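Residues per chain, in single letters:
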Amino acid sequence: MKIKRTWIINGEKLEAEVPPMRRFLDVLREDLQLKGTKEGCGEGECGACTVIVNGETVLSCLLAAGQVPDGATVTTVEGLEKTLGGKVLQAAYIEKGAAQCGFCIPGMIVSSYALLSRNPTTDAAQIREAHAGNICRCTGYDKIVEAIQSAAEQWPVEAKG
Ligand code: FES
Ligand code: FES
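Residues numbered from 1 in each chain as written. Chains lettered and ligands numbered in written order. Predicted model: local features only at pLDDT ≥ 70, side-chain atom pairs only at ≥ 80, totals over all residues. Heavy atoms only, no water.

Requested: an account of the overall build of the protein, with residues and values cited.
Check the secondary structure of the protein and you find six helices and five strands. In sequence order, the secondary structure elements of the protein are arranged as β-β-α-β-β-β-α-α-α-α-α. Against the 2.2 N^0.38 benchmark of 15 Å for 161 residues, the protein shows a C-alpha radius of gyration of 15 Å, consistent with a compact globule. Structurally, the protein occupies a C-alpha span of about 45 × 35 × 20 Å along its principal axes. When the 161 residues of the protein are sorted by exposure, 47% land in the buried category. A fraction of 57% describes how many contacts in the protein between residues 6 or more apart in sequence connect residues 24 or more apart. Surface summary for the protein: the accessible area is close to 8200 Å², and the carbon and sulfur share equals 49%. Of note, the protein has its 17 positive side-chain charges centred 3 Å away from the centre of its 20 negative side-chain charges. (Helix = DSSP H or I, 4+ residues; strand = E, 2+ residues; numbered from the N terminus. Rg over C-alpha atoms; globule rule 2.2 N^0.38 Å. Buried < 20%, exposed > 50% of the residue type's maximum accessible area, 1.4 Å probe, protein only. Contact = heavy atoms within 4.5 Å. Areas by Shrake-Rupley, 256 points an atom, 1.4 Å probe, with all protein chains shown as cover. Lys, Arg positive; Asp, Glu negative; His and termini not counted. Charge placed at Lys NZ, Arg CZ, Asp CG, Glu CD.)

Laid out in structure tokens, this is it:
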């Protein structure tokens, strides 16, 4: 059995016909060819697969396609390039040298975007807490936190809320 869904993904209306238990991560990467979202552990432990659904960060490896409601708004890392806040974050991550191998970065930066959209006056402790589910094996996190603080200082008014 398949279900039909229409989702607004990165600002575009996309239709999908998928088995309801198919992982949303696979729908994004394989069916919709949005390869920016990564699979690390596939078990909800690493955060590499983080996307935003209706304003909330979710782990797409643990989400079934049938759990994403018809009409849902979805933002993946590809969508951040289209936003002012996403551009500010990308530049800050680069400027602060916050990425090494880069595998965690799509999920990490999606979490950063969700946090700053909710609260651009966030402090280092809140940043660490909001990214607790995003595991990075390379950087030691300090440069990532610096990048997010730098982005918060420049956060565009249009990207707030
Ligand atoms: S791939 Fe989803 S949490 Fe690791
Ligand atoms: S930069 Fe390599 S896992 Fe984070």
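Now that the structure has been shown, the text picks up again.
Got a sec to walk through the pairing of strand S1 (residues 3-9)? Specific residues and values, please.
Here S1 shows one buried face, formed by Ile3, Arg5, Trp7 and Ile9, and one open face, formed by Lys4, Thr6 and Ile8. Where S1 meets strand S2 (residues 12-18), seven bridges bridge the pair, whose relative direction is antiparallel. Within S2, the residue paired with Trp7 across the bridge is Leu14. In textbook terms, the turn of a hairpin is the stretch between consecutive antiparallel strands, and for S1 and S2 this stretch comprises two residues, one of which, Asn10, has a positive phi near 55°. (Pairing = 2+ DSSP bridges.)

Talk me through the packing of helix H3 (residues 84-95) against helix H4 (residues 105-118); I want residue IDs and the actual numbers.
At their nearest, the axes of H3 and H4 sit 10 Å apart, and the two run at 125° to each other. Between H3 and H4, the angle is such that the two are oblique. When you trace H3 past H4, the crossing you get is right-handed. Mapping the contact onto sequence places Gly85, Gly86, Leu89, Gln90 and Tyr93 in H3 and Ile105, Met108, Ile109, Ser112, Tyr113 and Leu116 in H4. (Axes fitted to C-alpha atoms, helices over the stretch in contact; angles between N-to-C directions. Parallel < 35°, antiparallel > 145°, perpendicular 65-115°, else oblique. Left-handed = near helix turned anticlockwise from the far one by under 90°.)

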